[in-house]
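Notes for the structure review
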Amino acid sequence: MKNAMKRTLTLLTWFGLCWLALAVPVRAADPALLSAVQSRLSIDTVIRGDFTQTRQLVGIKKPLSANGAFVVEKTQGVLWRTLAPFPQTTRITQGEILQKDGDRVLMSLRADQEPAANAISRVLFSLFAGDMSTLAEYFDYSGHPGSGSGGWKLSFIPRDAGLRTVIGSLTLEGDNTVRQVTLTSAAGDITHIVFSNITTAAALTADERAQFK
């Protein structure tokens, strides 16, 4: 129970950082750059793959690590399946964030009970589905669009002083999908997510559709 609570709090901390990033909208810096990156991204509705996540905390020598698989359906949500160090599934939709250990519900955050759930979902969709325009509404950004087989890279910095006390920077790298996400907190903690074995498709499988119900 104690470990489950810690994992839930860690997840909520990550979601909380993302949610705070939506608190104050800002002006887009370079629409041409954003358009060039967006044009390289897959138009398929479904993105599947594996992930490896490391979190380096200031003052802690050994990073925390996790790995698993994910499915993004751009109109429905995200299925985030952690396999190690603890099996766990998180489902993010517009109406609810549900975290389960097998059949046991660890956390349920519903939009009708907590309005922040919709904002959290919006950020996560933007990160994993490659919706750069949404992120750009709230951050200054810079980077390069890449070309040919070369990858693109965008770095986002919150402009609001209040946000900068929480978030240092957010960096996305990819090609036809987002391949890496790096979040640096204002305190210096670094969360790095690498996506691999990525495939895209037009629709979910029957099993995946059932998990979104």
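Refer to the structure above for everything that follows.
A brief report on the enclosed structure follows. (Residues numbered from 1 in each chain as written. Predicted model: local features only at pLDDT ≥ 70, side-chain atom pairs only at ≥ 80, totals over all residues. Heavy atoms only, no water.)

Tallying secondary structure elements over the protein chain gives 6 helices and 11 strands in all. When burial is assessed residue by residue, the protein chain has 43% of its 213 residues classed as buried. Intrachain contacts of the protein chain at a sequence separation of at least 6 include 53% that bridge at least 24 residues. Counting every atom, the protein chain has about 10,400 Å² of accessible surface; 56% of that belongs to carbon and sulfur. (Helix = DSSP H or I, 4+ residues; strand = E, 2+ residues; numbered from the N terminus. Buried < 20%, exposed > 50% of the residue type's maximum accessible area, 1.4 Å probe, protein only. Contact = heavy atoms within 4.5 Å. Areas by Shrake-Rupley, 256 points an atom, 1.4 Å probe, with all protein chains shown as cover.)

Before going further, it helps to spend a moment on the pairing of strand β5 (residues 96-101). Here strand β4 (residues 88-93) runs beside β5; their pairing, made up of 4 bridges, is antiparallel. Each residue of the ladder has a partner; that of Thr89, found in β5, is Lys100. If you look at the hairpin formed by β4 and β5, you'll find 2 residues sitting between the two strands. Sheet analysis places β5 next to strand β6 (residues 104-110), joined by 6 bridges and oriented antiparallel. Each bridged residue has a counterpart across the sheet, and for Leu98 the counterpart in β6 is Ser108. Here β5 hands over to β6 after 2 residues, with Gly102 in that stretch at a positive phi of 65°. (Pairing = 2+ DSSP bridges.)

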